[in-house]
Each structure stands twice: as structure tokens, then as C-alpha cells.
Amino acid sequence: MSRPAAAPSERPARAPATEPQPRAPMATGGEPPRPRSPAPASGQPAAARSTEGPPRADAREWSAARKLDYLREKNLGNCQRCALARTRSNIVFGVGNPDAEIMFVGEAPGQQEDRQGIPFVGRAGERLNLWLDMLGIPRDHAYIANVLKCRPPNNRDPEPEEVARCSPFLRAQIRAIRPKVLVALGRFAGCLLTGVAERPLYQMRGRVWSYQEEKLDARIPVVVTYHPSYVLRQGRDSPPGKSDADAQVLTDLRQVVGILRGA
Ligand code: URA
């Protein structure tokens, strides 16, 4: 956890008023968004348009913060790629240190997150904060995002189609940040980051997986653990942080700290 703290990359919850952006081609799980020129203003000559966006080679040299900003504002924009756009209040892009060594990935925003546009600010977020405190990991040393950027109605499970459309943005966040370790919170993040098809969470815990994809020239270790909401449900009769499920998560997170220390 020795990387320098950088300005948080949290974006305004709502996209700029100049949106909406055009619908992007369907991202069928394989086509991550890339930095590209902003949508041309109508009537603008082609030559002028071509100077608006940075050349792609240049973008590779950008800081993680700048890549995340571009991804949020220009690629994701006022996303209308799936039906969740109609029921969300805010897009919940991600929060934290763009130069983080540790990146947490949850499932999807809940009610509080949808209201505030920030991941893990409700009860699940309080439990995550507690775990981080217990392990001495400052929240601003981490980056936190979700598989889905918009809240599914009534917190239902993400649909495969929604994951297929939204996960390229998570993959692009991971490429921008290049954390030393990824922590998947819950089954949906676990399956996505490990690349395994449907598998119960308890079968994904207890080992270090490897995240890889064609556009990333590195493998990133992945630890899968329980989602804080699950732990809250399991530990209703225990003091905060003291249930069996909490203990299992803390075991998993100690493994994460070991990876960060090079163990
Ligand atoms: N649950 C999640 O998976 N993500 C959040 O941001 C909040 C609750």
C-alpha cells in the first residue's frame, strides 16, 4: 500500500447536460470501451472534429485518473445501453484512488448508492469500511466499483444481458488502474473476474485466482469473498464484524494484504 495517494476520480453522479450520447454498439462481453473522440457537434466540419479527441497512442500514456475521467465522461456518458437506465437515479461509476493497489468489485448499486452516485455507501458499505478498518487498509488507498453501474430495480440479481453490456466498463476501469490485487465481493463479481461460469461462492473462496483479458498485458491476482450484504444477513445475531461470515471475510482479506506485501 505504498503508492502515492492521488486525487480521487469520483465523477459527478449525473452526466453532463450536453448528453445524451449515441447508443454504443452492443458490447457483447468482448468489446471493451476505448478512449475515442467525443461525439461530434452537428454541422461541425470533419477536420475540426478530428482534433477533438486524443490520438489513441497518446491515451496509453495518460495517468490512471485521466483514463478514468475519460471513460466516465466520454465512453460511459449518460449510458442508455440497457433498461436499467430508465429506473436508475444516478450512474454509480466508481470511487477511490486511481492509483490504488487494491480494487474491490461489488455487484451493483443499491438504493443509497443509486441516490448518491457512489458505490458502497449504504449498510453494505459500512460493513466494508469496518473490514478495511480492522485490517488497517484506508478506504482512500483502494478503488471501489461494481459489475453493474446502475441499480437493478428492487436490488434484484443482475441479468446476464446487463452484465454483458456493463462489464466492459469495469474491465476498462481495471485496465486503467492496474491494481496489484482484485477483491471480488460476492458471486457475480467472483464469476466475472475469475472467468468461471455459475459457481457457488464458497467454492471460489480460499484460493488466489488470476484475472486476465486480451487487452491487459498482465495477470492480476483475484481473491473472492462474501458480499457484505450476505454477511449482514448471516450475522444478524452477532455484533458487527464478529460473525462466522465476518471471520471468513477477514481471513480472505488477510490473504489480500499478504499479496500486497509480496507474500
Ligand atoms: N452492493 C453492491 O454490490 N455494490 C454497492 O455499491 C452497494 C451494495
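See the structure above.
On a predicted model such as this, the values are computed, not experimentally measured, just so you know.

Chemist: Whenever I open this one, helix 10 (residues 244-260) confuses me. Can you help?
Modeler: Helical periodicity: at 3.6 residues per turn, an α-helix aligns residues three or four positions apart in one direction. Between its terminal C-alpha atoms helix 10 stretches 25 Å, which fits the 24 Å expected from 17 residues at 1.5 Å a residue. Burial in helix 10 covers these residues: Ala245, Asp246, Val249, Leu250, Asp252, Leu253, Val256, Val257, Gly258, Ile259 and Leu260. Its buried side turned inward, helix 10 meets strand 2 (102-106), helix 6 (123-135), strand 4 (181-185), strand 5 (208-211), strand 6 (220-225) and helix 9 (228-234). Looking one or two places after helix 10, you find Gly262, whose phi comes out positive at around 85°.

Chemist: What's the story with the nonpolar core in this structure? I'm lost.
Modeler: Generally speaking, nonpolar side chains in soluble globular proteins are found buried as a group. With 66 residues, the main nonpolar core has Ile102, Met103, Phe104, Leu170, Leu182 and Leu193 as its most contacted residues. Dropping the residues within four chain positions of it, Leu170 is found in contact with Met103, Val105, Ala145, Asn146, Val147, Lys149, Leu192 and Leu193.

Chemist: Where do I start with the pattern of salt bridges in this structure?
Modeler: Opposite charge on two side chains makes pairing possible when the charged atoms of those side chains draw close. By the definition in use, this model includes nine salt bridges. Among the ionic pairs, Glu162 bridges to Arg156, the shortest N-O distance being 2.6 Å. Linking Asp252 and Arg205 is a salt bridge whose minimum nitrogen-to-oxygen distance equals 2.7 Å. Here the residue Asp252 occupies a position in helix 10, and Arg205 occupies one in the loop between helix 8 (187-194) and strand 5, the gap between them amounting to 47 residues. For Asp252, a relative accessible area of 2% translates into the label buried. Overall, Arg205 belongs to the buried group, its relative accessible area being 19%. Where salt bridges share partners, they join Asp157, Arg187 and Glu198 into one cluster.

Scoring rules and cut-offs
Residues numbered from 1 in each chain as written. Predicted model: local features only at pLDDT ≥ 70, side-chain atom pairs only at ≥ 80, totals over all residues. Heavy atoms only, no water. Helix = DSSP H or I, 4+ residues; strand = E, 2+ residues; numbered from the N terminus. Expected span 1.5 Å × (residues − 1). Buried < 20%, exposed > 50% of the residue type's maximum accessible area, 1.4 Å probe, protein only. Contact = heavy atoms within 4.5 Å. Core = buried A, V, L, I, M, F, W, Y, C linked by side-chain atoms within 4.5 Å. Salt bridge = Lys/Arg side-chain N within 4 Å of Asp/Glu carboxyl O.

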